[in-house]
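Listed below, chain by chain, are the residues.
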Amino acid sequence: MSSDNNNKKHLKEFIMDVKDMTNELGISEATQCAWRLRKENPLPYVRSGKGGKIFYIREQVLEWFKNNVK
């Protein structure tokens, strides 16, 4: 069981979900949704096959913020 927890912690270093972004970066779910739906340069995300949960790749999100949020 501990290796499963270690895998989850390791995975969290690379991806975050909507709740993680809200908790860690203070970005509301509504704002995230609006940024994902932008026609030009939307916030990059991945939708999982199970239930359609939204995930963000940390590196891509940080780069996107650097270039788009002033």
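Before any of the text, the structure's been laid out above.
Residues numbered from 1 in each chain as written. Predicted model: local features only at pLDDT ≥ 70, side-chain atom pairs only at ≥ 80, totals over all residues. Heavy atoms only, no water.

Some thoughts on the sheet that holds strand β1 (residues 15-17)
Where we set the bar: Note on pairing: two strands pair once DSSP finds at least 2 bridges between them. Helix and strand definitions here come from DSSP, where helices need a minimum of 4 consecutive H or I residues and strands a minimum of 2 consecutive E residues; each element is numbered from the N-terminal end. By definition, residues are in contact when any of their heavy atoms lie within 4.5 Å. Every angle, taken between N-to-C directions, lies between 0 and 180 degrees, and every axis is a line fitted to C-alpha atoms, over only the stretch in contact when it is a helix.
Overall, antiparallel pairing links the 3 strands, which are arranged β1-β3-β2 in an open sheet. One side of each edge strand has no neighbouring strand; the edge strands of this open sheet are β1 and β2 (46-47). Judged from the 3 bridges that link them, β1 and strand β3 (residues 54-57) form a sheet pairing that is antiparallel. Looking at the pairing, Asp17 lines up with Phe55 of β3. Helix-sheet contacts for helix α2 (residues 18-25) involve β1 and β3, and the interaxial angle to β1 is about 95°. Sitting on the sheet, helix α4 (residues 58-68) is in contact with β1 and β3, with an inclination near 75° to β3.

Some remarks on the nonpolar core
Definition in use: By nonpolar core we mean a set of buried residues, namely Ala, Val, Leu, Ile, Met, Phe, Trp, Tyr and Cys, connected to one another through side-chain atoms within 4.5 Å. A simple rule labels every residue: compare its accessible area, found with a 1.4 Å probe on the protein chains alone, to the largest value its type can have, and call it buried under 20%, exposed over 50%, or partly exposed in between.
In terms of nonpolar packing, the biggest core is built from 11 residues, these being Met16, Val18, Met21, Ile27, Trp35, Leu43, Ile54, Tyr56, Val61, Trp64 and Phe65. Listing elements by their share of this core, those giving two or more residues are α2, β3 and α4. Considering every element that reaches this core, the biggest residue donor is α4, with 3 residues. Residues within four places of Val61 in sequence aside, it is in contact with Met21, Leu25, Leu43, Pro44 and Tyr56.

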